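# Overview (structure and organization)
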Amino acid sequence: MTSPAEKLVIRNIGQLLTGKIEAPIADGDCVIAEGGRITAWGYAADMDTDGATTEIDANGVTLAPGLIDSHVHPVVGDYTPRQQQLHWIDSTLHGGVTTLISAGEVHMPGRPKDIVGLKAMAIAAQRWYENFRPSGVKVMAGAPVIEHGMVEEDFRQLAESGVKLLGEVGLGTVKDGRTAKQMVDWARKYGMQSTIHTGGPSIPGSGLIDADMVMETGTDVIGHINGGHSALPDDQIICLCESCKAAFEIVHNGNERAAILTVNTARELDKLDQVILGTDGPAGSGVQPLGILRMIAMLSSLGNVPAEIAFCFGNGNTARQRELDTGLLEPGMAADFVLMDQAQHAPGATMLESVQLGNLPGVGMTVIDGVIRSERSRNTPPATRLPFVI
Ligand SMILES: [Zn+2]
């Protein structure tokens, strides 16, 4: 957190990405934030850069709103029991991700499935990540998985207690569309967002959720539309893209061919603004610190999407679909940024061109709420140029 008096000036920016799919690149070489919020951007020569408490020389690199992972399964702090791993969130920060959104704390050993227990855990998870941000990363958690027997009063209580998300529908005992729709409607009535496990079972004990169930349930997000891991048949994915106004969430932990199918279908339908990205990590396939950058490069290169648009899948689209105060270059938005440059020796004339050729950029710095949280990434390939603090 920053005090209102703190002023951050980032100057000498080579390129400004906005997160806005309708205008993904902005003119300017400078961004200013005060009290952790964006106040202005443009050309430094025209701006009031006096009185900075922190000043960064971007050294000609690209600045983008911090990346958002729309689908993670955190448990507690910066530890995941799923692969017995410490510091996976810190590693993810080094992949340019500044916000994580829980799709359910389902890897908690002994996770309670009785109603009072699951409510208690959701409320506790919301609190422990609100009170403790690993390496400064914002973790929106407390995402209960619905179980048979829940009634409207449970959703009212959860919402009043600060729970704003539902975990993936389908990971609990509710596997029929009618019951799921009733509970999702109750959640929505009290301001909670919902998502659903789309596709075949993820691990022993989970089940198939097909397109009919996704449509009947009507969640706000079509969780891993490309499967996690197993994707639905192509005709069902196309049907979801055609029929739904919900976000099309593509995950790293899913089927890559189905991811490309989703993007191609969304483009044909003029629905690329509905495409958002997640990792679904920690998962059976591990933790994916560079997962969002890898999805951006994969979708840009194989899905024939300009890189500046593919970046919007990983920040601004998610921010809009999920009504966040981050992920967009806008006055009043949180000053959450990733500064990156073309990776050393990556082909292409510019950073964006190198990404469109399927390469990862090198992350040089991350900023959350106007505070520098990491400098040269230990995980991405090394950036050609690095920003530095003046
Ligand atoms: Zn899932």
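Conventions used here
Residues numbered from 1 in each chain as written. Predicted model: local features only at pLDDT ≥ 70, side-chain atom pairs only at ≥ 80, totals over all residues. Helix = DSSP H or I, 4+ residues; strand = E, 2+ residues; numbered from the N terminus. Buried ≥ 20, exposed ≤ 12 C-beta atoms within 10 Å, placed from the backbone. Contact = placed C-beta atoms within 7 Å. Axes fitted to C-alpha atoms, helices over the stretch in contact; angles between N-to-C directions. Parallel < 35°, antiparallel > 145°, perpendicular 65-115°, else oblique. Left-handed = near helix turned anticlockwise from the far one by under 90°. Nonpolar A, V, L, I, M, F, W, Y, C, P; charged D, E, K, R; others polar. Pairing = 2+ DSSP bridges. Domains from an automatic or database assignment. Expected span 1.5 Å × (residues − 1). Arc of directions from axis to C-beta.

### Things to note about the overall build of the protein
When helices and strands are counted, the protein shows 11 helices and 21 strands. If you line up the protein on its principal axes, its C-alpha atoms span 60 × 45 × 35 Å. When burial is assessed residue by residue, the protein has 55% of its 390 residues classed as buried. In the protein, 73% of the contacts between residues at least 6 apart in sequence involve partners at least 24 apart.

### Some words on the packing of helix 2 (residues 115-131) against helix 3 (residues 152-160)
Running from N to C, helix 2 and helix 3 point in directions that differ by 20°, and their axes come no closer than 10 Å. With respect to helix 3, the axis of helix 2 lies roughly parallel. In this structure, the crossing between helix 2 and helix 3 has a hand that is right-handed. On the side of helix 2, the interface is formed by I115, K119 and A122, while helix 3 contributes D154, Q157 and L158. For the contact of helix 2 with helix 3, the residue count by class is three nonpolar, one polar and two charged.

### Considerations on the sheet that holds strand 19 (residues 362-368)
Strand pairing in a sheet takes place through backbone hydrogen bonds and is either antiparallel or parallel in direction. Reading across the sheet, the six strands line up as 3-2-7-18-19-20 and stay open at both edges, with mixed pairing between neighbours. Across the chains shown, the open sheet's two edge strands, defined by having one partner strand only, are strand 3 (25-26) and strand 20 (371-374).

### Structural notes on the pairing of strand 1 (residues 7-11)
Each regular strand carries side chains that alternate between the two faces of the sheet. Taken across its five residues, strand 1 has five buried, putting it largely inside the fold. The alternating pattern of strand 1 places K7, V9 and R11 on one face and L8 and I10 on the opposite face, and all of these are buried. Bridging between strand 1 and strand 4 (residues 30-34) involves four bridges; their strand directions are antiparallel. By the bridge assignment for strand 4, L8 is matched with A33. As judged from the four bridges shared by strand 1 and strand 6 (residues 54-57), these two strands associate in the parallel manner. Directly across from R11, in strand 6, lies its bridge partner D57.

### Brief notes about the domain arrangement of the protein
Annotation of the protein at the domain level lists domain 1 (7-65 + 328-389) and domain 2 (67-289). Centre-to-centre, using C-alpha coordinates, domain 1 lies 29 Å away from domain 2. At the interface, 14 residues of domain 1 touch 15 residues of domain 2. For the side of domain 1 that touches domain 2, the secondary-structure elements that each account for two or more residues are strand 18 (337-341), strand 19 and strand 20. Residue composition of the side of domain 1 that touches domain 2, by class: six nonpolar, five polar and three charged.

### Describing the packing of helix 6 (residues 234-243) against helix 7 (residues 256-268)
For any two helices packed against each other, one specifies the crossing angle of their axes together with the interaxial distance. Orientation of helix 6 relative to helix 7, taken along the N-to-C sense of each, is 35°, at an axis distance of 10 Å. Viewed along their axes, helix 6 and helix 7 form a crossing whose handedness is right-handed. For the pair helix 6 and helix 7, the contacting residues are D234, I237, I238 and C241 in the first and A258, L261, T262, T265 and A266 in the second. Considered class by class, the residues forming the contact of helix 6 with helix 7 number six nonpolar, two polar and one charged.

### Quick notes on the environment of V116
Structurally, V116 can be placed in helix 2. Separated by 138 residues in the primary sequence, V116 and G254 have C-alpha atoms spaced 32 Å apart.

### A word on the pairing of strand 17 (residues 275-278)
Burial along strand 17 is two-sided: the residues V275 and L277 and I276 and G278 are all buried. In the sheet, strand 16 (residues 247-251) pairs with strand 17 via four bridges, with the strands oriented parallel. Among the inter-strand pairings, I250 is bridged to a residue of strand 17, identified as L277.

### Some remarks on unusual backbone geometry
A cis amide bond links G228 to the next residue, H229, at an omega of 5°. Mapping H229 onto the fold places it in the loop between strand 15 (221-222) and helix 6. In the segment running from G281 into P282, the intervening peptide bond is cis, with an omega of -15°. Unusually for a residue other than glycine, H87 sits at a positive phi of about 65°. A tally of 17 C-beta atoms within 10 Å means that H87 is categorised as partly exposed.

### Here's the deal with helix 8 (residues 291-302)
Taking 1.5 Å of rise per residue, 12 residues should cover 16 Å, and helix 8 covers 16 Å from first to last C-alpha, within 8% of that figure. Across the 12 residues of helix 8, nine count as buried, placing the element largely inside the fold. Buried within helix 8 we find G291, I292, L293, M295, I296, A297, M298, L299 and S300. Positioned one or two residues after helix 8, N304 has a phi angle of 55°, which is positive.

### Thoughts on helix 2
Along its 17 residues, helix 2 runs 24 Å from first to last C-alpha, staying within 8% of the 24 Å computed at 1.5 Å per residue. Every buried residue belonging to helix 2 is among L118, K119, A122, A125, Q126 and Y129, and all of these are buried. Looking straight down helix 2, one finds its buried side chains confined to an arc of 125°; they lie on one side. Residues of helix 2 that are exposed and point over 90 degrees away from its buried face: V116 and N131. Next to the buried residues of helix 2 lie strand 12 (138-140) and helix 3.

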